[in-house]
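Residue-level structure breakdown
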Amino acid sequence: MRSTLGTTLLAVCALPVALVAAHAQNPVMNGVRAMAQRQTKNIVEAAEEMPADKYGYKPTPAQMTYGDVVAHLIKEGNNYLCSATSGQKQPDAKFSGTDTKDKLVAGLKDSFKYCESVLAGIQDAQLSDSIDFFGGRKVTKGMAALITVADWADHYSQMAIYLRLNGHLPPTAKKGMD
(Lines give C-alpha, C1' and ligand atoms only; values in the text may rest on other atoms or scores of the structure.)
Protein backbone atom coordinates (compact mmCIF):
# COMPACT_ATOMS: atom_id res chain seq x y z
CA MET A 1 0.00 0.00 0.00
CA ARG A 2 2.73 2.41 0.96
CA SER A 3 4.77 1.77 -2.21
CA THR A 4 1.66 2.17 -4.38
CA LEU A 5 0.90 5.50 -2.71
CA GLY A 6 4.51 6.60 -3.15
CA THR A 7 4.53 5.60 -6.82
CA THR A 8 1.24 7.41 -7.42
CA LEU A 9 2.48 10.53 -5.65
CA LEU A 10 5.72 10.47 -7.66
CA ALA A 11 3.77 10.11 -10.92
CA VAL A 12 1.43 12.98 -10.05
CA CYS A 13 4.37 15.23 -9.12
CA ALA A 14 6.25 14.33 -12.31
CA LEU A 15 3.28 15.11 -14.56
CA PRO A 16 3.70 18.93 -14.47
CA VAL A 17 7.43 18.52 -15.17
CA ALA A 18 6.64 16.33 -18.19
CA LEU A 19 4.08 18.84 -19.47
CA VAL A 20 6.51 21.76 -19.08
CA ALA A 21 9.23 19.75 -20.84
CA ALA A 22 6.89 18.91 -23.73
CA HIS A 23 5.85 22.55 -24.02
CA ALA A 24 9.48 23.71 -23.97
CA GLN A 25 10.36 21.33 -26.81
CA ASN A 26 8.05 23.17 -29.22
CA PRO A 27 8.31 26.89 -28.46
CA VAL A 28 7.92 27.99 -32.08
CA MET A 29 4.83 25.94 -32.89
CA ASN A 30 3.38 26.71 -29.47
CA GLY A 31 3.74 30.37 -30.43
CA VAL A 32 2.08 29.75 -33.81
CA ARG A 33 -0.78 27.92 -32.07
CA ALA A 34 -1.17 30.80 -29.58
CA MET A 35 -1.29 33.28 -32.48
CA ALA A 36 -3.88 31.06 -34.19
CA GLN A 37 -6.11 31.20 -31.11
CA ARG A 38 -5.84 34.98 -30.88
CA GLN A 39 -6.36 35.57 -34.60
CA THR A 40 -9.26 33.10 -34.73
CA LYS A 41 -11.06 35.09 -32.05
CA ASN A 42 -10.35 38.49 -33.62
CA ILE A 43 -11.05 37.54 -37.24
CA VAL A 44 -14.26 35.64 -36.46
CA GLU A 45 -15.50 38.50 -34.27
CA ALA A 46 -14.66 40.96 -37.07
CA ALA A 47 -16.63 38.84 -39.55
CA GLU A 48 -19.57 38.76 -37.14
CA GLU A 49 -19.36 42.53 -36.45
CA MET A 50 -19.83 43.66 -40.05
CA PRO A 51 -23.54 43.88 -40.92
CA ALA A 52 -24.69 41.46 -43.62
CA ASP A 53 -25.68 44.32 -45.94
CA LYS A 54 -22.06 45.60 -45.85
CA TYR A 55 -20.43 42.35 -47.01
CA GLY A 56 -20.43 43.81 -50.54
CA TYR A 57 -18.57 46.93 -49.36
CA LYS A 58 -15.12 47.77 -50.71
CA PRO A 59 -13.33 51.07 -50.13
CA THR A 60 -12.18 51.46 -53.75
CA PRO A 61 -12.98 49.63 -57.00
CA ALA A 62 -9.56 47.94 -56.96
CA GLN A 63 -10.05 46.33 -53.53
CA MET A 64 -11.83 43.16 -52.47
CA THR A 65 -15.27 43.34 -50.92
CA TYR A 66 -15.59 42.43 -47.25
CA GLY A 67 -17.21 39.15 -48.32
CA ASP A 68 -14.32 38.49 -50.71
CA VAL A 69 -11.85 38.97 -47.84
CA VAL A 70 -13.71 36.41 -45.71
CA ALA A 71 -14.00 33.93 -48.61
CA HIS A 72 -10.28 34.40 -49.34
CA LEU A 73 -9.40 33.73 -45.70
CA ILE A 74 -11.40 30.48 -45.81
CA LYS A 75 -10.00 29.07 -49.04
CA GLU A 76 -6.54 30.46 -49.74
CA GLY A 77 -5.77 31.73 -46.25
CA ASN A 78 -6.73 29.04 -43.79
CA ASN A 79 -7.49 25.93 -45.77
CA TYR A 80 -4.60 26.22 -48.23
CA LEU A 81 -1.94 27.62 -45.90
CA CYS A 82 -2.70 25.24 -43.02
CA SER A 83 -2.86 22.32 -45.47
CA ALA A 84 0.51 23.25 -46.96
CA THR A 85 2.09 23.74 -43.55
CA SER A 86 0.85 20.39 -42.26
CA GLY A 87 1.10 18.36 -45.45
CA GLN A 88 -2.54 17.29 -45.04
CA LYS A 89 -5.18 17.50 -47.75
CA GLN A 90 -7.13 20.72 -47.58
CA PRO A 91 -10.91 20.65 -47.17
CA ASP A 92 -12.95 21.07 -50.33
CA ALA A 93 -14.51 24.46 -49.65
CA LYS A 94 -16.66 26.28 -52.16
CA PHE A 95 -17.08 29.89 -51.07
CA SER A 96 -17.55 33.17 -52.85
CA GLY A 97 -17.61 36.74 -51.58
CA THR A 98 -21.23 36.93 -52.69
CA ASP A 99 -22.31 34.12 -50.34
CA THR A 100 -24.45 35.13 -47.37
CA LYS A 101 -22.80 36.43 -44.23
CA ASP A 102 -24.06 33.38 -42.30
CA LYS A 103 -22.50 30.96 -44.78
CA LEU A 104 -19.20 32.86 -44.83
CA VAL A 105 -18.96 33.16 -41.03
CA ALA A 106 -19.72 29.43 -40.63
CA GLY A 107 -17.10 28.60 -43.26
CA LEU A 108 -14.58 30.87 -41.56
CA LYS A 109 -15.14 29.15 -38.21
CA ASP A 110 -14.75 25.73 -39.86
CA SER A 111 -11.54 26.81 -41.57
CA PHE A 112 -10.04 27.95 -38.27
CA LYS A 113 -11.07 24.63 -36.66
CA TYR A 114 -9.27 22.86 -39.51
CA CYS A 115 -6.15 24.98 -38.90
CA GLU A 116 -6.28 24.29 -35.18
CA SER A 117 -6.50 20.53 -35.75
CA VAL A 118 -3.64 20.32 -38.26
CA LEU A 119 -1.35 22.78 -36.47
CA ALA A 120 -1.75 20.73 -33.28
CA GLY A 121 0.20 17.91 -34.89
CA ILE A 122 3.23 19.91 -36.02
CA GLN A 123 6.32 19.83 -33.83
CA ASP A 124 9.29 22.22 -33.96
CA ALA A 125 11.52 19.35 -35.14
CA GLN A 126 9.47 19.28 -38.39
CA LEU A 127 9.83 22.98 -39.22
CA SER A 128 12.83 22.43 -41.47
CA ASP A 129 10.94 19.85 -43.56
CA SER A 130 10.59 20.94 -47.20
CA ILE A 131 7.08 21.25 -48.63
CA ASP A 132 5.49 22.28 -51.94
CA PHE A 133 4.07 25.77 -51.78
CA PHE A 134 2.50 28.36 -54.09
CA GLY A 135 3.47 27.78 -57.71
CA GLY A 136 5.46 24.63 -57.02
CA ARG A 137 8.07 26.44 -54.93
CA LYS A 138 9.77 24.57 -52.12
CA VAL A 139 9.73 26.16 -48.67
CA THR A 140 10.09 24.83 -45.16
CA LYS A 141 7.13 24.12 -42.90
CA GLY A 142 8.50 26.87 -40.68
CA MET A 143 8.31 29.40 -43.52
CA ALA A 144 4.75 28.31 -44.33
CA ALA A 145 3.76 28.70 -40.66
CA LEU A 146 5.22 32.23 -40.60
CA ILE A 147 3.41 33.14 -43.82
CA THR A 148 0.16 31.87 -42.30
CA VAL A 149 0.55 34.02 -39.18
CA ALA A 150 1.44 37.06 -41.32
CA ASP A 151 -1.59 36.43 -43.55
CA TRP A 152 -3.91 36.47 -40.53
CA ALA A 153 -2.44 39.78 -39.34
CA ASP A 154 -2.69 41.28 -42.82
CA HIS A 155 -6.34 40.35 -43.32
CA TYR A 156 -7.39 41.26 -39.79
CA SER A 157 -6.01 44.77 -40.31
CA GLN A 158 -7.86 44.93 -43.63
CA MET A 159 -11.11 43.87 -41.93
CA ALA A 160 -10.53 46.39 -39.12
CA ILE A 161 -10.18 49.23 -41.63
CA TYR A 162 -13.33 48.17 -43.50
CA LEU A 163 -15.22 48.04 -40.18
CA ARG A 164 -14.04 51.52 -39.17
CA LEU A 165 -14.94 52.94 -42.58
CA ASN A 166 -18.46 51.67 -41.93
CA GLY A 167 -18.75 53.09 -38.41
CA HIS A 168 -17.95 49.88 -36.49
CA LEU A 169 -15.13 49.17 -34.08
CA PRO A 170 -12.93 46.16 -34.74
CA PRO A 171 -12.74 43.61 -31.90
CA THR A 172 -9.30 44.70 -30.70
CA ALA A 173 -10.51 48.30 -30.37
CA LYS A 174 -13.33 47.16 -28.06
CA LYS A 175 -11.06 45.45 -25.51
CA GLY A 176 -11.03 48.38 -23.09
CA MET A 177 -14.75 49.08 -23.48
CA ASP A 178 -16.05 45.99 -21.64
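These figures come from a predicted structure and were not determined experimentally.

This part takes up the side chain of serine 86. Examined against the element boundaries, serine 86 turns out to sit in helix 3 (residues 66–86). Looking at serine 86, the relative accessible area reads 13%, which means it is buried. A polar atom in the side chain of serine 86 sits 3.2 Å from the backbone oxygen of serine 83. For serine 86, the contacting residues outside a window of four places in its chain are Tyr114, Val118, Ile122 and Lys141.

Okay, the packing of helix 3 against helix 5 (residues 141–165) next. In contact at an axis separation of 9 Å, helix 3 and helix 5 are set at 170 degrees when each is read in the N-to-C sense. One way to sum up the angle between helix 3 and helix 5 is to call them roughly antiparallel. Taking contact as the criterion, the partners of Tyr66, Val69, Val70, His72, Leu73, Gly77, Asn78, Leu81, Cys82, Thr85 and Ser86 in helix 3 are, on helix 5, Lys141, Ala144, Ala145, Ile147, Thr148, Asp151, Trp152, His155, Gln158, Met159, Tyr162 and Leu163. Of the residues in the contact of helix 3 with helix 5, the class split is 13 nonpolar, eight polar and two charged.

Right, let's talk about the environment of alanine 120 for a bit. Tracing the backbone shows alanine 120 in the loop between helix 4 (101–119) and strand 1 (130–132). Considering only alpha carbons, one finds alanine 120 and asparagine 30, 90 residues apart in sequence, at a separation of 8.8 Å.

Each value, and the rule that gives it
- Residues numbered from 1 in each chain as written.
- Predicted model: local features only at pLDDT ≥ 70, side-chain atom pairs only at ≥ 80, totals over all residues.
- Heavy atoms only, no water.
- Helix = DSSP H or I, 4+ residues; strand = E, 2+ residues; numbered from the N terminus.
- Buried < 20%, exposed > 50% of the residue type's maximum accessible area, 1.4 Å probe, protein only.
- Polar contact = N/O pair within 3.5 Å; in protein donor to acceptor, adjacent residues only side chain to side chain.
- Contact = heavy atoms within 4.5 Å.
- Axes fitted to C-alpha atoms, helices over the stretch in contact; angles between N-to-C directions.
- Parallel < 35°, antiparallel > 145°, perpendicular 65-115°, else oblique.
- Nonpolar A, V, L, I, M, F, W, Y, C, P; charged D, E, K, R; others polar.

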